[in-house]
Amino acid sequence: MYPRFNETDLAGAIEHAASLIEQADALIVAAGAGMGVDSGLPDFRGAEGFWRAYPALREAKMDFYKIASPRAFQESPELAWGFYGHRLSLYRDTVPHAGFELLKRWGDLKVHGLSVFTSNVDGQFQKAGFDPAQVYECHGSIHHLQCLASCKEDVWSADDFLPDVDQDRCWLRNRPPRCPHCGALARPNVLMFSDWAWVEQRSASQADRQEKWLSEVSRPVVIELGAGTAIPSVRHFSHRVIRKFGGRLIRINPGEWEMPTRLDVGLPMGALAGLKAISALFGMDVESSK
Ligand SMILES: [Zn+2]
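Now for a description of the structure that goes with this document. (Residues numbered from 1 in each chain as written. Predicted model: local features only at pLDDT ≥ 70, side-chain atom pairs only at ≥ 80, totals over all residues. Heavy atoms only, no water.)

**A short note on the coordination of the zinc ion**
Donor atoms from the polypeptide that bind the zinc ion are Cys 147 (SG), Cys 151 (SG), Cys 179 (SG) and Cys 182 (SG), placed at 2.3 to 2.4 Å. Coordination geometry of the zinc ion: the four donor atoms subtend angles of 104 to 115° at the metal centre, consistent with an arrangement described as tetrahedral. Read N to C, the donor residues that coordinate the zinc ion are spaced as C-x3-C-x27-C-x2-C. Here the residue Cys 151 occupies a position in the loop between β4 (140-147) and β5 (156-157), and Cys 182 occupies one in the loop between β7 (171-172) and β8 (186-190), the gap between them amounting to 31 residues. Among the residues examined, Cys 182 registers a relative accessible area of 42% and is labelled partly exposed. (Donors = N, O, S within 2.8 Å, 3.2 Å for Na, K, Ca; no water. Tetrahedral: all angles 85-135°; square planar, octahedral: opposite > 155°, others 65-115°. Helix = DSSP H or I, 4+ residues; strand = E, 2+ residues; numbered from the N terminus. Buried < 20%, exposed > 50% of the residue type's maximum accessible area, 1.4 Å probe, protein only.)

**A few points about helix α8 (residues 98-108)**
Here α8 lies mainly inside the structure; eight of its 11 residues are buried. The complete set of buried residues in α8 reads Ala 98, Gly 99, Phe 100, Leu 102, Leu 103, Lys 104, Trp 106 and Gly 107.

**Some points on the sheet that holds strand β9 (residues 220-225)**
Backbone hydrogen bonds hold the strands of a sheet together, and the pairing may be parallel or antiparallel. The six strands lie next to each other as β3-β2-β1-β9-β10-β11, forming an open sheet whose pairing is parallel. Only two strands of the sheet have a single neighbouring strand rather than two, namely β3 (135-137) and β11 (265-267). Put simply, the sheet's adjacent strands are angled 15° from each other on average, direction ignored. Bridge count for strand β2 (residues 114-118) against β3 is three bridges, and the pairing is parallel. Across the sheet, Thr 118 pairs through a bridge with Glu 137, a residue of β3. Strands β1 (26-31), β2, β9 and β10 (248-252) of the sheet are contacted by helix α11 (residues 233-245), whose axis makes an angle of about 165° with β9. (Pairing = 2+ DSSP bridges. Axes fitted to C-alpha atoms, helices over the stretch in contact; angles between N-to-C directions. Contact = heavy atoms within 4.5 Å.)

**Comments concerning the environment of Asp 131**
Mapped onto the elements, Asp 131 comes out in the loop between α9 (124-127) and β3. Judged by its relative accessible area of 38%, Asp 131 is partly exposed. Each C-alpha atom of the pair Asp 131 and Gly 82 lies 30 Å from the other, and the pair is 49 residues apart in sequence. There is a polar contact of 2.9 Å between the side chain of Asp 131 and the backbone nitrogen of Ala 133. (Polar contact = N/O pair within 3.5 Å; in protein donor to acceptor, adjacent residues only side chain to side chain.)

**Structural notes on the sheet that holds β5**
Taken in spatial order, the three strands line up as β5-β4-β8 in an open sheet, and their pairing is antiparallel. Since the sheet does not close on itself, it has two edges, and those belong to β5 and β8, each with one partner. In the packing of helix α7 (residues 77-93) onto the sheet, contacts are made with β4 and β8, and the angle to β4 comes to roughly 140°.

**With respect to the side chain of Thr 94**
Relative to the assigned elements, Thr 94 resides in the loop between α7 and α8. A relative accessible area of 8% places Thr 94 in the buried class. Of the polar contacts made by the side chain of Thr 94, one reaches the backbone oxygen of Leu 90; its length is 2.6 Å. The residues contacting Thr 94, other than those within four sequence positions of it, are Ser 39, Leu 41, Gln 124 and Lys 127.

Without other data, these values stay purely geometric and don't point to any function.
Here it is in structure tokens:
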């Protein structure tokens, strides 16, 4: 589908990416599911990949779209929390890959610093030491909770909840979290499928903060990582920044790396490999950046 890169093209594209980063006065990191893959996190695209990660859900005939829904919490809290509780523990235990540190260092060199737009709910940017005030999580965060019964537009931290999950059965063994206001079941504050009750106030205030920051920069560069076309929120964001704020785009994606204009750069690589290749041109020691 895409023309193939030869080695000379690739070297030229990496140089182009490095020069865009050097010329920018602000760095915007736009991350999709592919960003987590290099930290060892599962990517839920395709039913087979999903069921390999959660075999018990294959038996229950629950694909990602079914389990990631408010209805799953209404019908089977233990199963839904088995899935989300496992992910919550997984994301808490995951060590973000070295690419996060590289981005942070590049951002430190910019007049306006950096800002993150991510569709990932895994909290990996905060875990990697990014200032929470720099992050906009457009689909919410698994590290936060809300009421399943929508009694109040409230969002609170999930830190007090320690899920005990039977992984073979994808089943929560301990008590699920409850709403402190009405006592109903609590659910993760993430935007699910067929979800009309997601409390978006936390993400909305992150969005406002980022929009204000964007209005103050003049030469932003977007480094887009692992964001596919299947759930296009991140790509839409990248394109909007180019149109509205006059930025340029570096799209790092092993499969879907085509770029909107010839002034932008597509790198057919995984997130970590792409970031390392660019950083080699800056003479940064990646091994010590872990
Ligand atoms: Zn409630």
